[in-house]
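So you can see what is in the structure, the chains are spelled out below.
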Amino acid sequence: MKNQDWERFGEDIKRSVQDAVDSGDFSRLNQTITNTVNGAADAFADTMRNVGDRVNQNRRPRYGETFYGMPQYEKKTQQKRANSQNGQVNNRYSTGGFVTPTKPMLYRSTSAAKVGAIVMSVCGYMMSGFNFLVCISAVIALVVGVSNKAGVLAVAIIFGILGIATTLIGVAGTKKIGGIKRFRQYLQTMGGKEYCDIRKLAEYVGKNEKYVLKDIKNMIRRGWFIQGHLDTQEKCLISSHDAYRQYTDMMEQQQEQKDTLERQQKAAEEERKKKEEKGLTPEVQEIVEAGEEYIRKIHESNDAIPGEEISAKISRMEMLVDKIFDRVEENPETVGDLHRLMNYYLPTTVKLLEAYEELDRQPIQGDNILSSKDEIEKTLDTLNIAFEKLLDAMFQDTAWDVASDISVLKTMLAQEGLTEDGLKK
């Protein structure tokens, strides 16, 4: 803006004030002065914006240079120019053999915003100085003494209000300049990474974490961090959608693992309470828990070993062992029958299944491997027979009790003449 323009705007304001004072009509004074000031501000802003555009054009970074502390990505025009020099290479890349990935833009340029903030600050403070100067002049005139005191007082009030308003505009521009400076400092602190702790950013700019967190939220809302996110605890800035997606996936996995662990702990606690209600001694509880661990290993081996025939054998074995330990919980006195099972049969069973898994994973199934697998399958049949007999033996006392009860019942019925032979007599 030329000096003649500023003088013209000053003369317009001076003439408007004088007309209002002379006529005593101040109804349109505020509107006239506001229009004049806005016209000056718009003209000044247009001038500064043109200057900013020229600065951006002249300051456009070249390939390999950095911008706000972040690396510039390779331009497509340079890639096309390089490919055009070699037709074979160009054809190779265009047919899908190799494709150079295009990195997304994560941060917005703040050059134009900085120019606007400077315009706002300079224009605001200049207008503020002018308004306060007119206000002070009017106050001095009132003190010295003028004929139209009411008119001069109105001018002082109006320009005082305008001075406060334009001062606030200047302060807002100054704050925006400070925000742009902090934004660039944040990018320098991140150093090209797509995440950074809020605490680290706060240490770099010399502010507390609460202030920086609020500052980062405002910048994300303004779009300065184009793909910006905060973690769930609001302790970390994540500057890309891909990094945030990886973070959310990791959090979901951790939550699933936590939920699974809680379910397992809850099930174990319920199982423990059931055992306590059944009145199991610590020794019996220890044996039952060890048995459940063996059952789990047998089940895992069954899942890992393919093949319907052997899977059926392992499933039957798992069912038999499970029934055996269910019987121990129902009748703890039978725990004495499990010493050989716990010390030899079950450990040997698990070793055989693990050996079968390893043999089955071999890419080449030679004669030795096939022979060993066949021996293990036959041994599983033998173990299943042994487990069936052990389970049946654990019900021997019950069978004796049932036979004894039936014998007594038949004797009583015969004595009362209620059996078929008694009725015939």
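Structure: see above.
Residues numbered from 1 in each chain as written. Predicted model: local features only at pLDDT ≥ 70, side-chain atom pairs only at ≥ 80, totals over all residues. Heavy atoms only, no water.

How would you explain the overall build of the chain if you had to name every residue and give the values?
Summing up its helical and strand segments, the chain has 15 helices and 5 strands in all. The buried share of the chain, taken over its 425 residues, is 30%. The long-range fraction of contacts in the chain, counting pairs at least 24 apart against all pairs at least 6 apart in sequence, stands at 66%. Accessible area for the chain stands at about 27800 Å²; split by element, carbon and sulfur atoms hold 52% of it. (Helix = DSSP H or I, 4+ residues; strand = E, 2+ residues; numbered from the N terminus. Buried < 20%, exposed > 50% of the residue type's maximum accessible area, 1.4 Å probe, protein only. Contact = heavy atoms within 4.5 Å. Areas by Shrake-Rupley, 256 points an atom, 1.4 Å probe, with all protein chains shown as cover.)

I'd love a proper account of helix H11 (residues 308–330), names of residues and values included.
The end-to-end C-alpha distance of H11 is 33 Å, a good match for the 33 Å that 23 residues give at a rise of 1.5 Å each. Among all positions of H11, only Ile310, Lys313, Ile314, Met317, Glu318, Leu320, Val321, Ile324, Phe325, Arg327, Val328 and Glu329 are buried. (Expected span 1.5 Å × (residues − 1).)

Can you tell me about helix H10 (residues 282–304), naming the residues and giving the values?
The end-to-end C-alpha distance of H10, which contains 23 residues, comes to 33 Å, matching closely the 33 Å that a straight helix rising 1.5 Å per residue would cover. Residues of H10 that are buried: Val284, Gln285, Ile287, Val288, Gly291, Tyr294, Ile295, Ile298, Ser301 and Asn302.

Go over a nonpolar patch on the surface with me, naming the residues and quoting the values.
Together, Phe132, Ile136, Ile140, Val144, Ile164 and Leu168 line one region of the surface with nonpolar side chains, adding up to about 600 Å² of accessible area. Secondary structure elements with two or more residues in the nonpolar patch: helix H5 (111–144) and helix H6 (149–190). In terms of residues, the nonpolar patch owes the most to one element, H5, which gives 4 residues. In this fold, Ile164 is placed in helix H6. (Patch = residues over 30% accessible without salt bridge, like charges linked within 9 Å, V, L, I, M, F, W, Y side chains within 5 Å. Salt bridge = Lys/Arg side-chain N within 4 Å of Asp/Glu carboxyl O.)

I'd love a proper account of the environment of Ile298, names of residues and values included.
With respect to the helices and strands, the residue Ile298 is situated in helix H10. When the C-alpha positions of Ile298 and Met317 are compared, they lie 8.2 Å apart, and in sequence the two are 19 residues distant. The contact partners of Ile298, leaving out residues within four places of it in the chain, are Ile314, Met317, Glu318, Val321 and Leu353.

Which residues make up the pattern of salt bridges, and what values do they have?
Considering all chains together, one arrives at 13 salt bridges under this definition. Of the charged contacts in the structure, one is a salt bridge between Glu293 and Arg296, with a shortest N-O distance of 2.2 Å. Taken together, the residues Glu293 and Arg296, both in helix H10 and 3 residues apart, mark about one turn of the helix. Arg296 sits in the partly exposed class, given a relative accessible area of 36%. Between Glu388 and Arg316 there is a salt bridge, and its shortest N-O distance comes to 2.4 Å. Highlighted residues: Glu388 in helix H13 (residues 367–394) and Arg316 in helix H11, separated in sequence by 72 residues. The exposure class assigned to Glu388 is partly exposed, which follows from its relative accessible area of 31%.

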